[in-house]
Amino acid sequence: MEKLLGEFSIGLFFWQTVLFLALLFLLRKFAWKPILNAVNEREEGIKNALDEAENARKEMQNLNADNERILKEARAQRDELLKEAREMKENIISEAKGEAQIQANKVVEQAQATIQAEKQAAITDLKNQVAELSVGIAEKVVRGELSDKNKQIKLVEEMLKEVTIS
Amino acid sequence: MQLILSNDYYLGNMQRKNLVKALTLLLLVFAFSAKAQHETTVEEHGDKDIKTTIKEYIQHHLQDSYDFSLTSYTNDNGEHVYIGAPLPVVLIDGGLQVFSSSKFHHGETVAEVGENYYKVYHGKIYKTDAAGTINLDDHHHPTNAKPLDFSITKNVAVIFLVGLLMFFLFRGLANSYAKNNGIATGSGRFFEPIILYIRDDIAIPNIGEEKYKKYMPYLLTVFFFIWIINMLGLTPIGVNVTNSISVTVALALITFLITNFTGTKDYWLHIFDPLGSSMPWIAKIPLYIILIPIEVLGIFIKPFSLLIRLYANIKAGHIVLMSLIGLMFIFKSWLGSPLSFGLAFAISLIELLVALLQAYIFTMLSALYFGFASETHEHAEEHKGEIEHL
């Protein structure tokens, strides 16, 4: 202890105190405060930037979700539209088909009716002609047969004979 | 110059087999040039026992001095030649006396200033007569008058230089932040993590988020001051500032003053009423007869431990290092000298760590004391809990 006190130099103590305090105040004013402020500001800046990035990310997420939703809706709408169109097409086709069927049936019916009528007419006509022809032929035959007296008698006889037999 | 001298010496006085040792010495001279050179100079005297000279040299190295001498040697005429610069001596002895330390001729002569005569004896200035007589008492202490000594000694000069260095270093660092948008450049890349470490791992945990800011300038200054000055002590310039008790007293005193002047009500309450409302006042009286003196003593012991720790660690480190270097000259053998060299090298590496560690411990403990001083939470509650627990 005595040795320690012996080593103690008041001059060195004085200068150390003075110089150190001067250094402390100078550094505090010109170095530590600017440095710590700069570091703090930077840290704040980084924190803010991170927060902003997080916010932006969330916003992006929201936007994405919106986009997704809109896309989904659009897709649904499109599907619906397509479905409707398809249905409409099918309806139109089926309607058209029905119409056509009806039309066709009508035409066929008319045609058949016409054909029937024509056939009837043709048959009637044919009958008339056949009757006419038959009459003509019969007239001619009778005329030929009846041109000769013998033949007329003979015919009568034959006819009578036939009548007898039957 | 010195290298040649030592080689001449070894080759001249010893046999060729000592060449290796001379080479070892050369290595040593490179590693610890200033220190080693002093050893050889001392050895050249030849009239003293080598152990004594080494011991004296170590003593001398640990002392402050009035001039900034890097090394010295004896020239061909047998005169001591010092390489370095004299420093101003400032004495208060019936008025201010300022003169150059060159007047002492490195303690060898009496300095005549006006009508007064001064002589350096064991590193201190004493007032003497014209012949420089030092009167010793029974305990070999001089009885001469000691003028108040405010000299710019080697240590003061180093403190001043370190202050300048720190100021420009950290001022530059602060400017680099301003210039570069809050991002450090250059040496700031090295210092910024240290500053942040002191803030985040020393100041904030010990003092608390709200109050640490006002202590930061002191903690940073004291950390870098002690660290840089400890590191300088390991260079061959051979300065030893933190192993002067005056310096550590000054540092610890500032910690002490800051602690007690920023002490909150709770801090003082903790000292003078440590038990608080945990028990009736009548029961506290017998306890307080013991507790209060202990607490009051604690106020002083805390900074005292700071100053002794720093002083003793650095001083011990220097003594060990210097003794190991000195051992090389005592052994003068194939085995001993390289071993001492290796040990000295290892110790210097450890000393590098100690330089940082002591700065860290001083800062850390200062922060801890500031934390005690600035705490505001309820002690009574805490102590109540402690007592109930018991």
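Residues numbered from 1 in each chain as written. Chains lettered and ligands numbered in written order. Predicted model: local features only at pLDDT ≥ 70, side-chain atom pairs only at ≥ 80, totals over all residues. Heavy atoms only, no water.

S.K.: I would appreciate a short explanation of the overall build of chain B in the present structure.
M.R.: Counting secondary structure elements, chain B contains 12 helices and 8 strands. Taken across its 390 residues, chain B has 49% of its residues classed as buried. A separation threshold of at least 6 residues defines the contact pool for chain B, and within that pool the share at least 24 residues apart is 61%. Only carbon and sulfur atoms are counted for the fraction: they give 65% of the accessible area of chain B, which is about 19300 Å². (Helix = DSSP H or I, 4+ residues; strand = E, 2+ residues; numbered from the N terminus. Buried < 20%, exposed > 50% of the residue type's maximum accessible area, 1.4 Å probe, protein only. Contact = heavy atoms within 4.5 Å. Areas by Shrake-Rupley, 256 points an atom, 1.4 Å probe, with all protein chains shown as cover.)

S.K.: How do you make sense of helix α8 (residues 245–261) of chain B when you look at a structure like this?
M.R.: Along an α-helix, residues three or four apart share an orientation, since each turn contains 3.6 residues. The terminal C-alpha atoms of α8(B), which comprises 17 residues, lie 24 Å apart, in line with the 24 Å expected from a rise of 1.5 Å per residue. Most of α8(B) is tucked away: 14 of the 17 residues are buried. (Expected span 1.5 Å × (residues − 1).)

S.K.: Would you take a moment to explain the interface of chain B and chain A for this structure?
M.R.: Buried accessible area, meaning the area lost when the parts come together, often serves as the stated size of an interface. Between chain B and chain A, the contact holds 50 residues from the first and 33 residues from the second. Regarding the contact of chain B and chain A, the summed buried area is about 3600 Å², with carbon and sulfur atoms giving 75% of it. There are 2 salt bridges connecting chain B and chain A. The partner of Arg199(B) in a salt bridge is Glu43(A), and the shortest N-O contact between them spans 2.8 Å. The tally of links between chain B and chain A comes to 8 residue pairs in polar contact (both at pLDDT 80 or more). The biggest single contributor to the side of chain B that touches chain A is helix α5 (residues 154–179) of chain B, with 12 residues. For the side of chain B that touches chain A, the per-class residue count stands at 32 nonpolar, 10 polar and 8 charged. (Buried area = accessible area lost by both parts, 1.4 Å probe. Salt bridge = Lys/Arg side-chain N within 4 Å of Asp/Glu carboxyl O. Polar contact = N/O pair within 3.5 Å; in protein donor to acceptor, adjacent residues only side chain to side chain. Nonpolar A, V, L, I, M, F, W, Y, C, P; charged D, E, K, R; others polar.)

S.K.: Is there a simple way to think about the UniProt feature "transmembrane region" (unreviewed entry) in chain A in this case?
M.R.: The positions UniProt marks with the feature "transmembrane region" (unreviewed entry) are residues 6–27 of chain A. Overall, residues 6–27 of chain A shows 91% helix and 0% strand. The separation of its end C-alpha atoms is 33 Å. (UniProt positions renumbered as here; feature names shortened; annotations may be inferred.)

S.K.: Mind showing me how you'd approach the pairing of strand β6 (residues 116–121) of chain B here?
M.R.: It is a general feature of regular strands that their side chains alternate between the two faces of the sheet. Residue and element names in this part refer to chain B. Pairing of strand β5 (residues 111–113) with β6, which is carried by 3 bridges, proceeds in the antiparallel orientation. For Val 113, the partnering residue across the bridge sits in β6 and is Asn 116. Hairpin connection, β5 to β6: the antiparallel pair is bridged by 2 residues, and Gly 114 has positive phi, about 60 degrees. Bridging between β6 and strand β7 (residues 124–128) involves 5 bridges; their strand directions are antiparallel. Bridge pairing in β7 links Val 120 to Ile 125. (Pairing = 2+ DSSP bridges.)

S.K.: Help me understand the sheet that holds strand β4 (residues 96–100) of chain B in this model?
M.R.: In sheet architecture, strand pairing relies on hydrogen bonds along the backbone and comes in two forms, parallel and antiparallel. Residues and elements named next belong to chain B. With respect to topology, 3 strands assemble into an open sheet ordered β4-β3-β8, the strand pairing being antiparallel. Lying at the two open borders of the sheet, with one neighbouring strand each, are β4 and β8 (148–149). Across 5 bridges, strand β3 (residues 88–92) lies against β4 in antiparallel orientation. Bridge pairing in β4 links Leu 91 to Gln 97.

S.K.: Explain the sheet that holds β7(B) to me, please; I cannot follow it from the model alone.
M.R.: Residue and element names in this part refer to chain B. Pairing is antiparallel in the open sheet, where 3 strands are placed in the order β5-β6-β7. Because the sheet does not close on itself, it has two edges, and the strands there are β5 and β7. Across the sheet, the mean angle separating the axes of adjacent strands is 35 degrees when strand polarity is ignored. (Axes fitted to C-alpha atoms, helices over the stretch in contact; angles between N-to-C directions.)

S.K.: Can you help me understand the UniProt feature "transmembrane region" (unreviewed entry) in chain B in this one?
M.R.: The sites that UniProt annotates as "transmembrane region" (unreviewed entry) are residues 156–174, 218–239, 245–264, 285–304, 310–331 and 343–370 of chain B. Annotated as residues 285–304 of chain B, this span is 100% helix and 0% strand, and its ends, taken at the C-alpha atoms, are 28 Å apart.

S.K.: Help me understand the pairing of β7(B), please; the structure alone is not making it clear to me.
M.R.: Among the 5 residues in β7(B), 4 count as buried, and that is most of the element. Between the antiparallel neighbours β6(B) and β7(B) lie 2 residues, among them His122(B) with a positive phi of about 50 degrees.

S.K.: Explain a nonpolar patch on the surface to me, please; I cannot follow it from the model alone.
M.R.: Taken together, the side chains of Trp281(B), Ile282(B), Ile285(B), Ile289(B), Ile290(B) and Ile294(B) make up a nonpolar region of the molecular surface, amounting to roughly 690 Å² of accessible area. Looking at where Ile289(B) falls in the secondary structure, it is placed in helix α10 (residues 281–331). (Patch = residues over 30% accessible without salt bridge, like charges linked within 9 Å, V, L, I, M, F, W, Y side chains within 5 Å.)

S.K.: How do you make sense of the pattern of salt bridges when you look at a structure like this?
M.R.: Any two side chains of opposite charge can pair, so long as their charged atoms come close to each other. Residue and element names in this part refer to chain A. With the rule as written, the count across this model stands at 8 salt bridges over all chains. Between Glu 73 and Arg 69 there is a salt bridge, with the nearest N and O atoms lying 3.3 Å from each other. Taken together, the positions of Glu 73 and Arg 69, both in helix α2 (residues 10–145) and 4 residues apart, correspond to about one turn of that helix. When its relative accessible area of 45% is taken as the criterion, Glu 73 is described as partly exposed.

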